[in-house]
Amino acid sequence: MRRITVFGATGSVGQSALDLVARDAEGYDVVALTGGRNVVQLAADARRLNADLAVTCYPECYKELKDLLADTEVEVAAGPDAIAQAATRPVDWALSAIVGAAGLVPGLEALSHGTTLALANKESLVTAGPLLLGRAKAYGATVLPVDSEHSAVFQALVGEHMAAVERVIITASGGAFRDWPVEKLVTATLAQASSHPNWDMGQRITIDSASMFNKAMELIETKEFFNVSADKIEVLIHRESLIHAMVGFHDGALMAHVGPPDMRHAIGYALHWPERKALPVERLDLAKIGSLTFEAPDDARYPALSIAKRVMAEGGLSGAVFNAAKEHALDGFIAGDIGFLDMSKVVSMTLDKMSSLGGLQNAQITLDNVLETDRLARIYAAETFSQLG
Ligand code: NAD
Ligand code: MG
């Protein structure tokens with residue numbers, strides 16, 4: 001039996017992971033499941049999978065979760081510290097499917113205990129890639145990518161040498177507004193931005209896909225995870241979302257990873273790695289699909305991509321600023337305080353402000369520095385709301 005923990009178990013990625021686990025319940029010893037306000041789901045999953053521990057990140061949800069599990073032996077805890085604490089329990093495999101920078105500390109904690117960490121939480125790599133990967137190295141722990149593009153790159157690299165890699169191409173569907181006239185984007189509403197043409201995902205990443213901030217984060221994630229220079233990473237619009245990434249080698253070959261847009265593939269690959277096991281995903285009928293299309297991304301439509309290039313060039317703590325400002329801008333858009341196009345303005349203005357203060361590039365990427373930078377970036381991002389024209 002493999003001992004596993006799932007952080008962010010109630011979310012879109014977390015639920016896909018539990019779907020795979022539940023199909024082979026005998027094979028897993030579920031140690032901890034964590035979630036947020038959806039305690040009914042969390043309690044139901046903890047009960048059916050016989051977890052040792054269920055944790056909500058919200059202390060105010062503790063009582064409800066405790067009551068829901070009163071007739072079971074499942075331990076219950078609440079709050080961010082309890083989630084970090086859950087990460088110290090020994091397991092063979094943990095999935096980080098928390099959304100946002102809140103995934104960083106539990107991820108670091110899991111790695112410090114030598115756990116193999118399957119990482120969907122791209123924000124922790126964007127915010128503090130060198131810290132996270134350095135921690136893995138120091139404790140002999142493995143980080144496996146779960147983001148579909150990064151899983152695809154990882155799979156294309158099996159048996160290859162990084163020295164032979166000429167370029168890495170990550171694909172993007174183009175999001176909800178790919179066919180909108182650019183002038184109309186200013187009117188985009190929350191409801192319109194919250195639906196994705198190909199993938200069924202959490203609300204935040206769906207909006208990030210419409211703005212292309214998701215792909216912007218994935219550029220940085222690619223650079224951090226695979227240690228490839230920014231000039232070797234490309235984004236390609238591929239409407240069908242069937243090729244997730246391609247790796248180009250010095251001999252001109254391109255290895256493409258093709259598969260259905262179903263996160264259970266990437267999660268399952270990380271779950272069974274280094275083996276491959278049968279997964280309940282659709283088998284593609286390529287003759288029926290007929291053709292695949294590719295387009296270059298339009299920088300005017302997707303300013304987030306240029307911002308990511310700037311962040312990759314600046315390095316240091318600018319990823320932490322970028323992620324925190326983006327999270328704050330997204331909160332603002334969801335709350336109706338700022339418009340769709342304002343999100344990229346907020347992120348740019350926050351980066352400008354914090355770069356002008358200096359110290360971002362040369363600062364050491366320690367947890368304290370990252371958390372302080374994250375805190376300040378959210379304050380500066382909030383200040384920009386009143387300066388938007
Ligand atoms: P989601 O919003 O559906 O779920 C997020 C999970 O994190 C929930 O369990 C929630 O309770 C928990 N959570 C939220 N805030 C938290 C906090 N402050 N502390 C602790 N837990 C918290 O999100 P999702 O779409 O499943 O995405 C999860 C992560 O995976 C994100 O980093 C996302 O970018 C990445 N990802 C998602 C997909 C996808 O298909 N959904 C694909 C690739 C990568
Ligand atoms: Mg992705």
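Remember, it's a predicted structure, so these values are computed and weren't measured experimentally.

**Quick notes on the pairing of strand E5 (residues 93-96)**
Thought 1: Every second residue of E5 is oriented toward a common face, with Trp93 and Leu95 on one face and Ala94 and Ser96 on the other, all of them buried.
Thought 2: Where strand E1 (residues 2-7) meets E5, four bridges bridge the pair, whose relative direction is parallel. Considered in E5, the bridge of phenylalanine 7 is made with serine 96.
Thought 3: In terms of strand pairing, E5 meets strand E6 (residues 116-119) through four bridges, oriented parallel.

**Details of the domain arrangement of the protein chain**
Thought 1: Looking at the assigned domains, one finds that the protein chain contains domain 1 (2-145), domain 2 (150-259 + 283-289) and domain 3 (315-387).
Thought 2: Facing the eleven residues of domain 2 at the interface are ten residues of domain 3.
Thought 3: Those elements giving two or more residues to the side of domain 2 that touches domain 3 turn out to be helix H8 (190-193), helix H9 (203-211) and helix H10 (213-226).
Thought 4: Ranked by residue count, the leading element in the side of domain 2 that touches domain 3 is H9, at four residues.
Thought 5: Residues that form the side of domain 2 that touches domain 3 fall into these classes: eight nonpolar, one polar and two charged.

**Topic: the environment of phenylalanine 249**
Thought 1: When you line up the elements, phenylalanine 249 lands in strand E10 (residues 243-249).
Thought 2: Assessed through the 17 C-beta atoms surrounding it within 10 Å, phenylalanine 249 is described here as partly exposed.
Thought 3: Taking the C-alpha atoms as reference points, phenylalanine 249 and alanine 54, separated by 195 residues in sequence, lie 45 Å from one another.
Thought 4: The residues touching phenylalanine 249, leaving out its near neighbours within four places in the chain, are Ala164, Val165 and Glu166.

**Some words on the sheet that holds strand E9 (residues 233-237)**
Thought 1: The strand order E9-E8-E10-E11 describes an open sheet built from four strands, whose pairing is mixed. Two strands close off the open sheet at either side, each with one partner strand: E9 and strand E11 (254-258). The average undirected angle you get between the axes of adjacent strands in this sheet is 20°.
Thought 2: By the bridge criterion, five bridges tie strand E8 (residues 165-172) to E9 in an arrangement that is parallel. Note that in E9 the partner of valine 168 across the bridge is isoleucine 233.
Thought 3: Packing of helix H7 (residues 148-156) onto the sheet brings it into contact with E8, E10 and E11, and relative to E10 it is tilted by some 40°.

**Topic: the site of ligand 1**
Thought 1: Close to ligand 1 lie 28 residues; Gly8, Gly11, Gly36, Met201 and Gly202 are nearest.
Thought 2: With three residues, helix H1 (residues 12-22) is the single largest residue contributor to the shell around ligand 1.
Thought 3: Residue composition of the shell around ligand 1, grouped by class: 13 nonpolar, eleven polar and four charged.
Thought 4: Summarising the domain contributions, the shell around ligand 1 has at least three residues from each of domain 1 (2-145) and domain 2 (150-259 + 283-289).

**With respect to the environment of isoleucine 98**
Thought 1: Within the secondary structure, isoleucine 98 sits in the loop between E5 and helix H5 (104-112).
Thought 2: Remark: the alpha-carbon pair of isoleucine 98 and glutamate 123, spanning 25 residues in sequence, is separated by 9.3 Å.
Thought 3: Setting aside chain neighbours within four positions, we find isoleucine 98 in contact with Phe7, Gly8, Gly103, Pro106 and Asn121.

**Observations concerning H7**
Thought 1: Taken across its nine residues, H7 has nine buried, putting it largely inside the fold.
Thought 2: Inspection of H7 places Ser148, Glu149, His150, Ser151, Ala152, Val153, Phe154, Gln155 and Ala156 among the buried residues, and these make up the whole buried set.

**Quick notes on the UniProt feature "binding site: Mn(2+)" (unreviewed entry) in the protein chain**
Thought 1: Per the UniProt record, "binding site: Mn(2+)" (unreviewed entry) is annotated on Asp147, Glu149 and Glu218. Spatial clustering of the annotated residues is evident: they stretch over 72 residues in sequence, but the largest pairwise C-alpha distance comes to 8.4 Å.
Thought 2: If you trace the backbone, aspartate 147 turns up in the loop between strand E7 (143-145) and H7.
Thought 3: Residue contacts for aspartate 147: discarding those within four places in its chain leaves Ala120, Lys122, Glu218 and Glu221.
Thought 4: With respect to the helices and strands, the residue glutamate 218 is situated in helix H10.
Thought 5: Once residues within four sequence positions are removed from consideration, glutamate 218 is found in contact with Lys122, Asp147, Glu149 and Ile170.

What counts and what doesn't
- Residues numbered from 1 in each chain as written.
- Chains lettered and ligands numbered in written order.
- Predicted model: local features only at pLDDT ≥ 70, side-chain atom pairs only at ≥ 80, totals over all residues.
- Buried ≥ 20, exposed ≤ 12 C-beta atoms within 10 Å, placed from the backbone.
- Helix = DSSP H or I, 4+ residues; strand = E, 2+ residues; numbered from the N terminus.
- Pairing = 2+ DSSP bridges.
- Domains from an automatic or database assignment.
- Contact = placed C-beta atoms within 7 Å.
- Nonpolar A, V, L, I, M, F, W, Y, C, P; charged D, E, K, R; others polar.
- Axes fitted to C-alpha atoms, helices over the stretch in contact; angles between N-to-C directions.
- Near = placed C-beta within 6 Å.
- UniProt positions renumbered as here; feature names shortened; annotations may be inferred.

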